[in-house]
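# What the coordinates show
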Amino acid sequence: MLSLNKRLYGADIPSSEITPEDVFAGRKPSPREDRRQFLARSAAVAAAGLTTGLLPTFAWADTLPTVPAASRFVTSEQQTPFRKATTFNNFYEFGTQKSEPAEWAQSLQTRPWPIQITGMVKKPQTIGVDDLIRYRPIESRVYRHRCVEAWSMVIPWDGYSLSEFINFCQPLPSAKYVQFISLVNKQEMTHLPSGFDWPYSEGLRMDEAMHPLTLLAFGCYGQTLPKQNGAPVRVVLPWKWGYKSAKSIVQFHFTDKQPKTLWNEMDPEEYGFYSNVNPNISHRWSQAHERRIDASLFDRTIPTQMFNGYGDQVASLYSGMDLTKDY
Ligand SMILES: Nc1nc2c(c(=O)[nH]1)N[C@H]1C(S)=C(S)[C@@H](COP(=O)(O)O)O[C@H]1N2
Ligand SMILES: [Mo]
């Protein structure tokens with residue numbers, strides 16, 4: 001664990017081992033090129049004893065335009081320490097124990113990272129993640145994160161509204177939903193557990209996806225996303241159970257039908273499509289309270305709020321729906 005932390009937090013990585021971020025110019029590499037790059041990068045990773053790619057990366061403000069976030073996107077609650085948020089993770093592709101992704105996700109290769117835009121859009125296309133990152137200025141938003149397992153965190157994310165990207169995608173009027181599909185790759189996911197219908201997928205109704213609170217995140221704590229947190233790009237839906245916030249996305253698919261989501265398909269009774277945080281609907285355990293990871297012992301257990309406290313911003317999306325049935 002000690003050496004892992006050293007690697008993670010980088011104190012003694014010589015700069016010669018730090019590879020600059022690949023610049024992927026937004027074109028889809030040919031399968032051969034892709035494979036060649038993959039092999040080259042794999043060799044580099046092996047040679048560096050897995051330190052390459054663990055880099056504590058650049059601070060956004062040094063390299064990219066940033067803008068301040070609106071105050072409704074920032075909570076002043078005590079933030080979860082970086083160390084906790086990056087060593088206590090759910091990223092099942094890299095192990096189902098909380099401590100595993102911090103170690104096993106380091107084999108994830110985040111460049112090149114082509115992203116497919118498919119389905120009901122004016123023009124299906126593939127773009128590179130660096131083009132996406134540079135598309136709009138980066139904001140730092142501080143959101144509560146409530147996992148269905150009844151723990152919560154407060155995390156500063158770096159990104160911009162998903163609506164900006166969706167406008168870029170030009171969905172057709174017939175598109176009613178967007179599906180997020182995460183990477184699945186057995187070469188990099190050497191601990192990929194069986195019994196799950198990979199790839200991980202999630203989805204939103206289009207009005208939820210276009211809501212200004214819905215974030216497309218490339219970083220957290222002012223730096224590029226650590227791999228275990230879903231590098232190089234994920235979504236963040238602070239009013240929904242944490243599993244809606246899909247990590248390491250490789251495809252955005254626009255459709256007129258409610259898309260498949262991994263957890264909903266696994267157990268539709270327990271994990272509804274909407275999955276809004278709701279203290280009144282129990283799972284196999286009560287959802288009335290949550291444990292704020294790393295808060296002081298005295299205020300660790302706090303009441304869970306409807307929509308995770310974002311009701312004033314999002315409740316109107318669900319007017320007319322019976323949330324006890326359509327959960
Ligand atoms: N691809 C993928 N995305 C995922 C998950 C996962 O296992 N795979 N876990 C989800 C769950 S249950 C939670 S609580 C959050 C955790 O995000 P964090 O580790 O950055 O806190 O990611 C979500 N996104
Ligand atoms: Mo979760």
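Owing to the predicted nature of the structure, the values given are computational and were not obtained by experimental measurement.

## A look at the packing of aromatic side chains
- All told, the structure shown has 20 aromatic pairs when counted by the stated rule.
- A centroid spacing of 5.4 Å and a plane angle of 55° characterise the contact between Tyr160 and Phe218, whose relative ring orientation is tilted. Within this pair, whereas Tyr160 is found in strand β4 (residues 151–161), its partner Phe218 is found in strand β7 (residues 215–220), the two being separated by 58 residues in sequence. Across this residue pair, the class does not change: Tyr160 and Phe218 are buried.
- A centroid spacing of 5.3 Å and a plane angle of 80° characterise the contact between Tyr243 and Tyr271, whose relative ring orientation is edge-to-face. Pair noted here: Tyr243 is in the loop between β9 (234–236) and β10 (249–255) and Tyr271 is in the loop between α9 (262–266) and β11 (289–292), with a separation of 28 residues, a long-range link. Here the two residues Tyr243 and Tyr271 agree in accessibility, since each one is buried.
- In this structure an aromatic cluster arises from ring pairing among Tyr135, Tyr160, Phe165, Phe168, Phe180, Phe218 and Phe252.
- For Arg136, the ring lying beneath its charged end belongs to Tyr135, and the centroid distance is 4.4 Å.

## Considerations on the site of ligand 1
- In the region of ligand 1, 18 residues are neighbours, and Asn89, Tyr92, Glu93, Arg234 and Lys247 sit closest.
- Here an oxygen atom of ligand 1 and a side-chain polar atom of Asn229 are 3.0 Å apart.
- Between ligand 1 and the protein, one listed contact pairs a nitrogen atom with a backbone N or O atom of Ser245 at 2.8 Å.
- Considered on its own, ligand 1 offers 540 Å² of accessible surface; in the complex 98% of this is hidden by protein.
- Its residues assigned to classes, the shell around ligand 1 shows eight nonpolar, seven polar and three charged.

## Examining unusual backbone geometry
- Following Arg111, the chain continues to Pro112 via a peptide bond in cis, the omega torsion being -10°.
- Its location among the elements puts Pro112 in the loop between α5 (100–104) and β1 (114–119).
- Residue Pro232 follows Ala231 across a cis peptide bond; omega there is -5°.
- The phi torsion at Tyr221 lies on the positive side, around 50°, for a residue other than glycine.
- Residues other than glycine seldom take positive phi values, yet Ser248 does so here, at roughly 45°.
- Inspection of the secondary structure assignment puts Ser248 in the loop between β9 and β10.
- By relative accessible area, which is 2% here, Ser248 ends up buried.

## A closer look at the side chain of Arg144
- As for its position among the elements, Arg144 is in strand β3 (residues 139–146).
- Arg144 gets classed as buried once you look at its relative accessible area, which sits at 11%.
- Within polar-contact distance, the side chain of Arg144 engages the backbone oxygen of Gly309 at 3.5 Å.
- Apart from the residues within four sequence positions on either side, Arg144 is in contact with Thr75, Glu77, Met153, Val154, Pro238, Arg292, Gln305, Asn308, Gly309 and Tyr310.

## Points about the pairing of strand β5 (residues 177–182)
- Taking burial as the measure, the six residues of β5 include six buried ones, the bulk of the element.
- Burial along β5 is two-sided: the face carrying Tyr177, Gln179 and Ile181 and the face carrying Val178, Phe180 and Ser182 are both buried.
- Sheet topology note: the β5/strand β6 (residues 201–205) ladder contains five bridges and is antiparallel. Residue pairing for β6: Gln179 is matched across the bridge by Gly203.

## A few points about the confidence of the model for the chain
- Mean pLDDT over the chain: 85, with 82% of residues reaching 70 or higher.
- At the low end of the mean pLDDT range in the chain sits helix α1 (residues 2–9), at 28; at the high end sits β9, at 99.

## Things to note about the pattern of salt bridges
- One pass over the full model with this rule turns up 16 salt bridges.
- A salt bridge links Glu77 to Arg292; its shortest N-O distance comes to 3.4 Å. Of the two residues, Glu77 is situated in the loop between α3 (60–63) and α4 (82–85) and Arg292 in strand β11; the sequence distance between them amounts to 215 residues.
- Classification of Glu77 as partly exposed rests on a relative accessible area of 27%.
- The salt bridge involving Arg146 is made with Glu290; its shortest N-O contact spans 3.2 Å. Residue Arg146 is located in strand β3, and its partner Glu290 is located in strand β11; the two are separated by 144 residues in the primary sequence.

## Concerning the sheet that holds strand β2 (residues 125–128)
- With mixed pairing, five strands are arranged side by side in an open sheet as β2-β1-β10-β5-β6. Strands at the two margins of the open sheet, each flanked by one partner only, are β2 and β6. Put simply, the sheet's adjacent strands are angled 20° from each other on average, direction ignored.
- Contacts from helix α7 (residues 162–169) reach β1, β2, β5 and β10 within the one sheet, and its direction differs from that of β10 by about 65°.

Scoring rules and cut-offs
- Residues numbered from 1 in each chain as written.
- Chains lettered and ligands numbered in written order.
- Predicted model: local features only at pLDDT ≥ 70, side-chain atom pairs only at ≥ 80, totals over all residues.
- Heavy atoms only, no water.
- Phe/Tyr/Trp six-rings, centres within 6.5 Å; stacked < 30°, edge-to-face > 60°.
- Helix = DSSP H or I, 4+ residues; strand = E, 2+ residues; numbered from the N terminus.
- Buried < 20%, exposed > 50% of the residue type's maximum accessible area, 1.4 Å probe, protein only.
- Lys NZ or Arg CZ within 6 Å of the ring centre and 35° of its normal.
- Near = heavy atom within 4 Å.
- Polar contact = N/O pair within 3.5 Å; in protein donor to acceptor, adjacent residues only side chain to side chain.
- Areas by Shrake-Rupley, 256 points an atom, 1.4 Å probe, with all protein chains shown as cover.
- Nonpolar A, V, L, I, M, F, W, Y, C, P; charged D, E, K, R; others polar.
- Contact = heavy atoms within 4.5 Å.
- Pairing = 2+ DSSP bridges.
- pLDDT = per-residue confidence, 0-100.
- Salt bridge = Lys/Arg side-chain N within 4 Å of Asp/Glu carboxyl O.
- Axes fitted to C-alpha atoms, helices over the stretch in contact; angles between N-to-C directions.

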